[in-house]
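Structural features, examined
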Protein chains: 2
Amino acid sequence: MYSFSDKLKDLNGAATREILKLTSRPDMISFAGGMPAAECLPREIIAGISAEVLSRPDASRLLQYGQTEGLPELNAELINYLASIGIKASTETVQVVSGGQQGLDLMCKAFINKGDVILVENPTYLAFLQIAKTYEAKVIGVNSGDDGLDLGDLEQKLKAHRPKLLYAVPTFSNPTGRTYPLENRKGIIELCKKYGTIIIEDDPYGRLRYTGEAVPLMKTLDDDGTVVYITSFSKTVAPSLRIALCCGPAEIIRKVSIGKQGADVQNPALCQMIMAEYLKRGHFLPVLQSNIEVYRARRDAFLKALDENMPKEVKYTRPDGGLFIWMELPEYIDAAALLPEALKKSVAYINGNEFYADGSGKNTLRLNFSNSDISRIQNGVKILSELFSTKIKEYKHG
Amino acid sequence: MYSFSDKLKDLNGAATREILKLTSRPDMISFAGGMPAAECLPREIIAGISAEVLSRPDASRLLQYGQTEGLPELNAELINYLASIGIKASTETVQVVSGGQQGLDLMCKAFINKGDVILVENPTYLAFLQIAKTYEAKVIGVNSGDDGLDLGDLEQKLKAHRPKLLYAVPTFSNPTGRTYPLENRKGIIELCKKYGTIIIEDDPYGRLRYTGEAVPLMKTLDDDGTVVYITSFSKTVAPSLRIALCCGPAEIIRKVSIGKQGADVQNPALCQMIMAEYLKRGHFLPVLQSNIEVYRARRDAFLKALDENMPKEVKYTRPDGGLFIWMELPEYIDAAALLPEALKKSVAYINGNEFYADGSGKNTLRLNFSNSDISRIQNGVKILSELFSTKIKEYKHG
């Protein structure tokens, strides 16, 4: 009846809404979402900070309009935070955004005209595919594997399409959990520089490392303004504070800031001040460390259960960090078609084709291990293993 | 150097940034912004609610991801709030947004393709003009005056351009402070219905009525889904909670919701819960009433100072509510050109041409009376009166 824009015409929000519905059923073992564990959220610390900052004599400032760029106290702490992970930043190169999601949206707003090309890893973060759709971009997947992006495929696509942006989650990727090795990162930057393509380094999970050695951030390998770094405190502190940052060349950050001015003026100052104090008082590292212990145990339990129960035809990643395990079923199994059966047995996952720009990957799925305790992980993996075993046997004997 | 999108190419954020810079100088008498008075912000109430909701056993829910549509407790209170102002709503017809600004942005996202026409009042809210620019809409102004929109001009432009949207601030308009009379509202709805144009009724100021009788909201006069109502608690409770709502036909609200999912996933749950409790505990009306007393006194003082000091060649509106007085200088005076002189004398305003889709209105300016105490209002008006008198005399004798 209504004449909606082309931007939203084909978006019905089904996939992500389905996730939320699934995870809200208490009997459901949900490997579907990407949420931190409720018990890892620093509720008491945040309650204490909130009470204190709202009782200060100048607290009405936290209820009043403020500058789009961010609360000055938070900007200062974000610059310190970035320094702690090897990134040199200043007020001109950092913009506070409302979750990493808004950072991605504003980067598209700054660069994308209808029909412009964005390269993504294949598979990639499904919400980014949706954002790109709202900007009517043409999204093209670059082949990837355990060694990162396929540089040959990348160069061919850079040359053929002259994309404005490359979107990458190089550390503990969503959905695969994989990390691009150092040499791959350098190769990507070099190629993108050569073809004038800006790299969005989306890094929501990088601090959640359970094993192995850290790989330098792409932003720290960049010397001339090719990489825009986006990170969020949603996975390491609390999603609902909606505090994330964009860090890049001043000229780009200025555009992101202007885009935010139109989009929502500013983040709530109370949430910004809570995060500023959280960082300033040194809560970040101890809470992170204790959460890493929880998530490492869950990842280990998940992999152990998979190793013990999954039929050998099923392959999966062994991530050193992040929140996800990526699974490949035999090619004759369609993960989306199987999902209703899994849900009937009270286990949820996301079928992997949602993460492919071209809708391929029908035999893949994403499994989240952060938001289920170990006994639910063990039960859920057993249920999925039986389901997949049955299907494999049916295929072999049918 | 970078190849930015056409959306943001021409936006440099100058006007609004200038405002913020001006208002932050303590010696500046700023009539430029549109902020509530700091002393009107209910800091203690909000501090109390925040402490209480964060100490509840299930408070970690306020830090976790939640649904895009809004925190269920807030949605329920918003539906009650809407009922209290005569609007029947349900969960399917209300979306929580991050300030009215995000509501406007998401409505454009839902409807506007590049080149689509949006009608606006001439003059209109300057940030809406910027938002429309980021969607590459063609914005056309409709003539208006003390009796609302010129219905003849409106129909001619509806017929000629078949616009997707009409953007209106019918109650205590920004920038003019004017209110469309009932008959004018009915006429606008009838015409927009006839031509299939959706009306955005932006109502940030409607509750701030100091004198006169309330006029029914356009949304309450609409029977078939022509009006989408947007209101915000920024001016009546606290801007930095960033809580506003969009209320319209379920089909439109669903698109707004999908648009928000991509834009920033959700509003911070803590801010949503604070607002839900604020409404539930009945703080809205008493705080509003006490703020109305403050603002009425300021408006009265402003008008009195204008009446006593302004040369008779200068015209201005006498608004029954809202935050702004609109001024027309003689046509030979350029308000933008005079601003630097006013600033040198430590008084700030916004030159009115910023509010015109076509950049006209060079002899107009907007004056905010909510955020200066009475003695600053008296001083500021005297300074402006002298400045304008001098310029008028110079012109007459030059």
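Per chain, residue numbering runs from 1 following the sequence as it is written. Chain letters and ligand numbers both follow the written order, the letters beginning at A and the numbers at 1. pLDDT decides what is reported in this predicted model: residues at 70 or higher carry local features, side-chain atom pairs at 80 or more are listed and counted, and totals for whole chains, interfaces and linings draw on all residues regardless. Side-chain numbers here rest on the full set of heavy atoms in the structure, without hydrogens or water.

**Some points on the packing of helix α3 (residues 43-54) of chain A against helix α11 (residues 269-280) of chain A**
All names here are of chain A.
- Where helices are involved, their axes are fitted lines through C-alpha atoms of the stretch in contact, as for all axes, and angles between N-to-C directions lie from 0 to 180°. Strands are runs of DSSP state E lasting at least 2 residues, helices are runs of H or I lasting at least 4, and numbering of each runs from the N terminus. Running from N to C, α3 and α11 point in directions that differ by 115°, and their axes come no closer than 9 Å. With respect to their mutual orientation, α3 and α11 come out roughly perpendicular. Note on packing geometry: the crossing formed by α3 with α11 is right-handed. When α3 is examined against α11, the residues Ile 45, Ile 46, Ile 49, Ser 50, Val 53 and Leu 54 are found in contact with a partner set consisting of Leu 270, Met 273, Ile 274, Glu 277 and Tyr 278.
- Ten residues, namely Ala, Val, Leu, Ile, Met, Phe, Trp, Tyr, Cys and Pro, are considered nonpolar, four, namely Asp, Glu, Lys and Arg, are considered charged, and the remaining ones, Gly among them, are considered polar. By residue class, the composition of the contact of α3 with α11 is 9 nonpolar, 1 polar and 1 charged. In these notes the angle categories are as follows: under 35 degrees is roughly parallel, over 145 is roughly antiparallel, 65 to 115 is roughly perpendicular, and the rest is oblique. In a left-handed crossing the near helix is turned counterclockwise from the far helix by less than a right angle, and in a right-handed crossing that turn is clockwise. Contacts between residues were defined by any pair of non-hydrogen atoms, one from each residue, lying within 4.5 Å.

**Some details on the relation of the copies chain B and chain A**
- A least-squares superposition brings the copies together, and it is based on the C-alpha atoms of residues with pLDDT no lower than 70 in both. Mapping chain B onto chain A calls for a rotation angle of 180° and an axial translation of 0.0 Å; the resulting RMSD is 0.0 Å. Between the two chains, the operation in question is that of a two-fold axis. Within chain B, B:Ala51 has its C-alpha nearest the rotation axis, a separation of 2.8 Å.

**Focus on the pairing of strand β4 (residues 138-145) of chain B**
Residues and elements named next belong to chain B.
- Two strands form a pair only when DSSP identifies at least two bridges running between them. One ladder, built from 6 bridges, connects strand β3 (residues 117-122) with β4; its direction is parallel. Its bridge partner being in β4, Glu 121 is matched across the sheet by Val 142.
- Orient the strands so they point away from the viewer, and a crossover whose first-strand-to-second-strand path over the helix runs clockwise is right-handed. As a crossover connection, the stretch from β3 through helix α6 (residues 126-134) into β4 is right-handed.
- With 2 bridges connecting them, β4 and strand β5 (residues 148-149) associate as antiparallel partners. Looking at β5, one finds that Ser 144 is bridged to Leu 149.
- Here β4 folds back onto β5, and the loop between the two strands holds 2 residues.

**Observations concerning the confidence of the model for chain A**
- How sure the predictor is of each residue is captured by pLDDT, a score from 0 to 100. Confidence along chain A averages 95 in pLDDT terms, with 97% of residues attaining 70 or more.
- For this predicted complex, the interface confidence score (ipTM) comes to 0.96, while the overall pTM stands at 0.97.

**Some remarks on the interface of chain B and chain A**
- Taken together, the contact pairs 81 residues of chain B with 81 residues of chain A.
- In total, chain B and chain A occlude about 6,900 Å² of area from one another, counting both sides; carbon and sulfur atoms represent 57% of this.
- By definition, a salt bridge exists where a carboxyl oxygen of Asp or Glu is found within 4 Å of a side-chain nitrogen of Lys or Arg. On inspection of chain B and its partner chain A, the count reaches 2 salt bridges.
- Side-chain atoms alone can form a polar contact between residues adjacent in sequence; in general such a contact is a pair of N or O atoms within 3.5 Å, and within protein one must be able to donate a hydrogen while the other accepts it. Summed over the shared surface of chain B and chain A, the number is 35 residue pairs in polar contact (both at pLDDT 80 or more).
- Sorting the residues of the side of chain B that touches chain A by element identifies α1 (6-9), α2 (14-24), α3 (43-54), α5 (99-111), α6, α10 (250-264) and α11 (269-280) of chain B as the ones contributing at least two each. A simple way to read buried area is as the amount of 1.4 Å-probe accessible surface that goes missing from two parts once joined, with both sides added.

**Thoughts on the side chain of B:Lys157**
Residue and element names in this part refer to chain B.
- As for its position among the elements, Lys 157 is in helix α7 (residues 151-161).
- According to the relative accessible area criterion, Lys 157 is buried, its value standing at 14%.
- Beyond its immediate stretch of four places on either side in the chain, Lys 157 contacts Leu 119, Ile 140, Gly 141, Val 142, Arg 162 and Pro 163. When accessible area is computed with a 1.4 Å probe and restricted to protein chains, residues below 20% of their type maximum are described as buried, those above 50% as exposed, and intermediate ones as partly exposed.

**Overview of the sheet that holds strand β14 (residues 364-368) of chain B**
All names here are of chain B.
- Taken together, the 4 strands give an open sheet; going across it, the order is β10-β11-β14-β13, and neighbouring strands pair in antiparallel fashion. Lying at the two open borders of the sheet, with one neighbouring strand each, are β10 (315-316) and β13 (350-351).
- Two strands pair when backbone bridges link them, and strand β11 (residues 324-328) and β14 are joined in this way by 5 bridges, in the antiparallel orientation. Bridging from a neighbouring strand, Ile 325 pairs with Leu 367 of β14.

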